[in-house]
Amino acid sequence: CSITVQDRDLRILNFNEEIARRFHPQPGEYCFRAFKGRDRQCEVCPVIQTFADGNSHVSQELVVNHDASETCWLARTTPVSMDEGGITAVMEISLDVTEAKRLQTQMRKSEEKYYAIFNNIPNAVFMIDPHSMQILDCNESSSTMYGYCRSELVGHSMLDLFDEPERETYASQLGHAGALDQAGQLTRSGDRIFATIRISPFDHLGKEALLVVSTDITRQ
């Protein structure tokens, strides 16, 4: 991380080797000029905020480098020297979080792609707890096939979609990977349908789950 100590005028009093390697500042130079090539202080400055209230502050900023590349910095400040007149210096510690931000963006795009596929699959897809049979998540096709809205399915047992006399039989079968052929089920309106159900292990938000894909074969 990069560390500086600055006075009330935002002049650099001291800095660590990482700052020296990256920016080659001179003691007494203004921080905004040494690090960003600015002629005036930044609009949002955690160092000024710390001088104002004596508290630690955190800020995040996107910086355009000399080679036109961009880096994202996370900065935290803390008062390091005080006398009867108040704070005389502030230490600012900055971390380059560019790679972390890139990975967050990549993960968000991956999740968006996953949900787009999840919701557009024509089959009903459920994520269920392998022990309680509770529905953890389901796609939009589940609502079309069974007549329930998503909020009526999530949090309820997958077994509720089966005929009550057959629930105990299907409970043991649903807990294992495999397939159920011509399984009798009920829609919200009470209509009986038949489905082919495929079950496979799945990691859902870091927890053990089962991926259940149900295909309506009633017309067949």
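For the structure given in this document, a descriptive report is provided here. (Residues numbered from 1 in each chain as written. Predicted model: local features only at pLDDT ≥ 70, side-chain atom pairs only at ≥ 80, totals over all residues. Heavy atoms only, no water.)

Another aspect to go through is the overall build of the chain. Helix and strand counts for the chain stand at 7 helices and 10 strands. On the principal axes, the C-alpha backbone points of the chain span a range of 80 × 40 × 30 Å. Buried positions account for 34% of the 220 residues belonging to the chain. Look at the contacts in the chain between residues 6 or more apart in sequence, and 35% of them connect residues 24 or more apart. Put simply, the chain shows about 13,500 Å² of open surface, and 50% of that area lies on carbon and sulfur atoms. Of the charged side chains in the chain, 21 are positive and 32 negative, and the gap between their average positions amounts to 5 Å. (Helix = DSSP H or I, 4+ residues; strand = E, 2+ residues; numbered from the N terminus. Buried < 20%, exposed > 50% of the residue type's maximum accessible area, 1.4 Å probe, protein only. Contact = heavy atoms within 4.5 Å. Areas by Shrake-Rupley, 256 points an atom, 1.4 Å probe, with all protein chains shown as cover. Lys, Arg positive; Asp, Glu negative; His and termini not counted. Charge placed at Lys NZ, Arg CZ, Asp CG, Glu CD.)

This part takes up a nonpolar patch on the surface. The grouping of V58, L74 and L95 at the surface amounts to a nonpolar patch, some 220 Å² of accessible area in total. Its place among the elements puts L95 in strand β5 (residues 86–96). Overall, the relative accessible area of 42% leaves L95 in the partly exposed class. (Patch = residues over 30% accessible without salt bridge, like charges linked within 9 Å, V, L, I, M, F, W, Y side chains within 5 Å. Salt bridge = Lys/Arg side-chain N within 4 Å of Asp/Glu carboxyl O.)

Next up on the list: the sheet that holds strand β8 (residues 178–186). By definition, the strands of a sheet pair up through backbone hydrogen bonds, in either a parallel or an antiparallel sense. The 5 strands are arranged β7-β6-β10-β9-β8 in an open sheet whose pairing can be described as antiparallel. On the outer flanks of this sheet lie β7 (135–138) and β8, each paired with one strand and no other. Ignoring strand direction, the axes of neighbouring strands in this sheet form an average angle of 30°. Strand direction decides the pairing type here: strand β6 (residues 124–128) and strand β10 (residues 207–216), joined by 5 bridges, are antiparallel. Counterpart to F126 in the pairing with β10 is V212. (Pairing = 2+ DSSP bridges. Axes fitted to C-alpha atoms, helices over the stretch in contact; angles between N-to-C directions.)

Let us now look at the environment of L153. Assignment of secondary structure puts L153 in helix α6 (residues 150–153). A relative accessible area of 3% means that L153 is categorised as buried. For the pair L153 and E99, spaced 54 residues apart in sequence, the C-alpha to C-alpha distance is 38 Å. What L153 contacts, discounting residues up to four positions off in sequence, is F126, I135, C138, S142, Y148 and L161.

Inspection of the entire model under this criterion finds 0 disulfides. There is no disulfide at C1, and the cysteine sulfur nearest it, in C72, is 16 Å away. A residue is classified by how much of its surface remains accessible, and C1, at 48% relative accessible area, is partly exposed. (Disulfide = S-S within 2.5 Å.)

Spatial relationships are all this shows, so hold off on functional conclusions.
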